[in-house]
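# Understanding the architecture of this molecule
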Amino acid sequence: MPNLSMLAFIFDIDGTLVDSNEFHIDSWDRAFRRFGKQFPREKLCAQIGKGSDQYLPEFLTPDEIDRFGKELDDYRSDLFKKEYLPKVRPFPKVHELFQRIRDDNKRIVLATSGKKADTKYYIDLLKIGNLIEGYTSGDDADNSKPAPDIFAASLKKLGSISSADAVTVGDTRFDIEAARKAGLRTIAFLCGGTSEATLREVGAIAIYRDPADFLAHCDELVSHASSPQE
């Protein structure tokens, strides 16, 4: 358990708080096929966690992006919203975890590469609107994860809190990479499907199974956080 003296948590959403990663893979697969492109599912999976601005260049040439990239992205976004978003379910104990963090006088913001409309939907689904201080989505930043823009914008929402006093919570290597570029440490969850070995390799400071597992260890975390630094 790391000895953290944090004042705020910056949470990713997809794969961290809600069980949506497989649905994102499905929607990308269907969108690419509609435009005559087909890729192995494991390759589609390996890039989940990026926003479309970072995702599409992994699969399409610059010419293809110019010709039909926006149309493909719009199709995928509409498909996800209509067919998959209603199927997304929260991971267990998210509301209780957020309440526990707030009871400890810590602050919470959300930072996601997803669309703003999806983010608002998830906040309502999770019933956490009164427990967070705001969110930054992929629509609010020039570049999505693994660029640091989204986390940098989230830090600004926390005002005087520095990167040394905040910690991010995510589920992919791109969360950890983006956070590191913004000067932030990351606690990782396994529920998004990334292996523990990968998350450790890219620098996760602690790894939990899911929000419920993290909640179960909160007292231990807070105890370490309040202990004098050696």
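This text goes with the structure placed above it.
Scope of this entry: the structure provided in the associated data block. (Residues numbered from 1 in each chain as written. Predicted model: local features only at pLDDT ≥ 70, side-chain atom pairs only at ≥ 80, totals over all residues. Heavy atoms only, no water.)

### Details of the overall build of the protein
Quick reminder of the rule: Numbering of helices and strands runs from the N terminus; a helix is a DSSP stretch of H or I covering at least four residues, while a strand is a stretch of E covering at least two. Throughout, radius of gyration means the C-alpha value; the globule benchmark is 2.2 Å times the number of residues raised to the power 0.38. Residue contacts follow a heavy-atom distance rule, with two residues in contact if any of their heavy atoms lie within 4.5 Å. Residue-level accessible areas treat just the shown protein chains as cover; the underlying method is Shrake-Rupley with a 1.4 Å probe. Note that His is not counted, nor are the chain ends; the positive residues are Lys and Arg, and the negative ones are Asp and Glu. Charged side chains are reduced to one point each, which is NZ for Lys, CZ for Arg, CG for Asp and CD for Glu.
A tally of regular secondary structure across the protein gives eleven helices and six strands. Its C-alpha radius of gyration of 17 Å places the protein within 12% of the 17 Å reference for a compact globule of 230 residues. Considering only contacts in the protein between residues 6 or more positions apart, those separated by 24 or more positions represent 67%. Of the accessible surface of the protein, which amounts to about 10,600 Å², a share of 47% is contributed by carbon and sulfur atoms. If you average the places of the 32 positive and of the 38 negative side-chain charges in the protein, the two averages end up 3 Å apart.

### Some words on helix 7 (residues 149-157)
Our working rule: Per-residue accessibility, obtained with a 1.4 Å probe over protein chains only, is compared with the maximum for each type, and a residue is labelled buried under 20%, exposed over 50%, and partly exposed between these values. The directions from the helix axis to the C-beta atoms form the arc being described.
Here helix 7 has its buried residues at Ile150, Phe151, Ser154 and Leu155. Taken down its axis, helix 7 places every buried residue within 140° of arc, on the same side. The positive-phi residue at the C-terminal boundary of helix 7 is Gly159, with phi of around 65°.

### Topic: the pairing of strand 2 (residues 107-111)
Selection criterion: Strands are labelled as partners when DSSP assigns at least two bridges between them.
Buried residues dominate strand 2, accounting for four of its five residues. Looking at chain direction, strand 1 (residues 8-11) and strand 2 are connected through four bridges and run parallel. Among the inter-strand pairings, Ile10 is bridged to a residue of strand 2, identified as Val109. Alignment of strand 2 against strand 3 (residues 135-136), held across two bridges, turns out to be parallel. What sits directly across from Ala111, in strand 3, is Thr136.

### A closer look at the nonpolar core
Here is the rule: By nonpolar core is meant a set of buried Ala, Val, Leu, Ile, Met, Phe, Trp, Tyr and Cys residues that side-chain atoms within 4.5 Å join together.
Counting residues in each nonpolar core, the largest one holds 33 residues, and the members touching the most others are Phe11, Phe98 and Leu110. Counting only elements with at least two residues in this core, the list comes to strand 1, helix 4 (62-84), helix 5 (94-103), strand 2, helix 6 (116-126), strand 4 (166-170), strand 5 (185-189) and strand 6 (206-208). In terms of residue count, helix 5 provides more of this core than any other element does, four residues in total. Residues contacting Leu110, with those up to four places away along its chain left out, are Phe11, Ile13, Leu17, Phe98, Ile123, Ile128, Ile132, Gly134, Tyr135, Thr136 and Ser154. Grouped together as the second largest cluster of nonpolar side chains are 15 residues, Ile10, Ile161, Ala178 and Leu184 included.

### Brief notes about the sheet that holds strand 6
As a reminder, the rule being used: Between N-to-C directions, angles cover 0 to 180 degrees, with each direction set by a line fitted to C-alpha atoms, over the stretch in contact for helices.
Reading across from one edge, 3-2-1-4-5-6 is the order of the six strands in this open sheet, with parallel pairing throughout. Strands at the two margins of the open sheet, each flanked by one partner only, are strand 3 and strand 6. Contacting strand 1 and strand 2, helix 5 crosses the sheet at an angle of about 135° to strand 2. Across the sheet, helix 7 lies against strand 1, strand 2, strand 3 and strand 4, angled at about 150° from strand 2, the strand it touches most.

### Quick notes on the packing of aromatic side chains
Here is the rule we go by: Put simply, two rings from Phe, Tyr or Trp (the six-membered ring, in Trp's case) pair if the centres are within 6.5 Å, and we call them stacked under 30 degrees between planes, edge-to-face over 60, tilted for the rest. A ring is considered to have a charge above it if a Lys NZ or an Arg CZ atom is located within 6 Å of its centre and within 35 degrees of its normal.
Scanning the model with the defined rule gives 15 aromatic pairs in all. Pairing Phe39 with Phe59 gives two aromatic rings, centres 4.9 Å apart and planes at 55°, and the pair type is tilted. Here the residue Phe39 occupies a position in the loop between helix 1 (21-34) and helix 2 (41-46), and Phe59 occupies one in the loop between helix 3 (52-55) and helix 4, the gap between them amounting to 20 residues. According to the relative accessible area criterion, Phe59 is buried, its value standing at 11%. An aromatic cluster is built from Phe9, Phe11, Phe98, Phe189, Tyr208 and Phe214, whose rings are joined through pairwise contacts. Just above the ring of Trp28 sits the side chain of Arg76; from NZ or CZ to the centre is 4.6 Å.

### Observations regarding the pattern of salt bridges
The cut-off we apply is this: One speaks of a salt bridge when a side-chain nitrogen belonging to Lys or Arg is within 4 Å of a carboxyl oxygen belonging to Asp or Glu.
As enumerated under the stated definition, the model contains 17 salt bridges in all. Across the salt bridge formed by Glu64 and Lys37, the nearest N and O atoms sit 2.8 Å from each other. With Glu64 in helix 4 and Lys37 in the loop between helix 1 and helix 2, the pair connects residues that are 27 residues apart, well separated along the chain. For Glu177, the salt bridge goes to Arg173, with nearest N and O atoms at 3.0 Å. Here Glu177 and its partner Arg173 are both found in helix 8 (residues 173-181), four residues apart, which amounts to about one turn of the helix. Looking at Arg173, the relative accessible area reads 30%, which means it is partly exposed. Salt bridges sharing partners connect three or more residues here, namely Asp12, Lys145 and Asp175.

So far we have only geometry, and geometry alone does not tell us how the molecule works.
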